[in-house]
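Secondary and tertiary structure notes
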Amino acid sequence: MGEMSTEFSLFIVGWTIVLVSLMAIGGYFMFRKFLKSMPKQDGKSDLDWQDHYIDQTRALWTDEGLTLLNELVEPVPQLFRDVARRSIAARIGQIALEEKASTITTDLIVKGYIVATPKRDHKWLIAHLKSKEIDYTPYEKFLNAEG
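Computed from a predicted structure; not experimentally measured.

1. Comments concerning the domain arrangement of the chain
On domain assignment, one finds that the chain holds domain 1 (1–38) and domain 2 (46–144). Taking only C-alpha atoms, the centre of domain 1 and the centre of domain 2 are 36 Å apart.

Okay, here's the thing in structure tokens:
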């Protein structure tokens, strides 16, 4: 019953670091979800508004629109794809309601995608629009805008 071997000690230290790191990452994402579920001044949380916009505009989506949305969220890792799809669809729905649109058009989908995603994802959008031969010049003012 002597001392622990050095390798075993290093294994324990390494494993402790891995577990603490994984718990910190999980806690970060749980905290973000918690913040999104907190009610704002209007009594609704970000998630409530997201559900509201999706429910209000569900009938406005066409099969082509849903296909385009699914293609645009393809590069998102499988684990986060549904969450990304819902948040982008909610933003598209919000824009559609503001513009009093009768259907969700390619124009609305592209605008919503640009507004709902970080700037680094816009390269994928441009490449995808080029491959589908959709002119993206009307959206350049949104692509270059900060935010």
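2. Comments concerning the UniProt feature "transmembrane region" (unreviewed entry) in the chain
Residues annotated by UniProt as "transmembrane region" (unreviewed entry) correspond here to residues 12–31. Structurally, residues 12–31 comprises 100% helix and 0% strand, and the distance from its first C-alpha atom to its last is 28 Å.

3. Examining the environment of Gly-26
Structurally, Gly-26 can be placed in helix α1 (residues 6–36). Relative accessible area serves as the criterion here: at 29%, Gly-26 is assigned to the partly exposed category. Sequence spacing of Gly-26 and Gln-78 is 52 residues, and the spatial spacing of their C-alpha atoms is 17 Å.

4. A look at the packing of helix α3 (residues 63–72) against helix α5 (residues 106–116)
One way to put it is that α3 packs onto α5 with a least axis distance of 10 Å and a crossing angle of 25°. Regarding the angle of α3 to α5, the classification is roughly parallel. In terms of crossing hand, the pair formed by α3 and α5 is right-handed. Touching Gly-65, Leu-68 and Leu-72 of α3 are Thr-106, Ile-109 and Tyr-113, all from α5.

Each value, and the rule that gives it
Residues numbered from 1 in each chain as written. Predicted model: local features only at pLDDT ≥ 70, side-chain atom pairs only at ≥ 80, totals over all residues. Heavy atoms only, no water. Domains from an automatic or database assignment. UniProt positions renumbered as here; feature names shortened; annotations may be inferred. Helix = DSSP H or I, 4+ residues; strand = E, 2+ residues; numbered from the N terminus. Buried < 20%, exposed > 50% of the residue type's maximum accessible area, 1.4 Å probe, protein only. Axes fitted to C-alpha atoms, helices over the stretch in contact; angles between N-to-C directions. Parallel < 35°, antiparallel > 145°, perpendicular 65-115°, else oblique. Left-handed = near helix turned anticlockwise from the far one by under 90°. Contact = heavy atoms within 4.5 Å.

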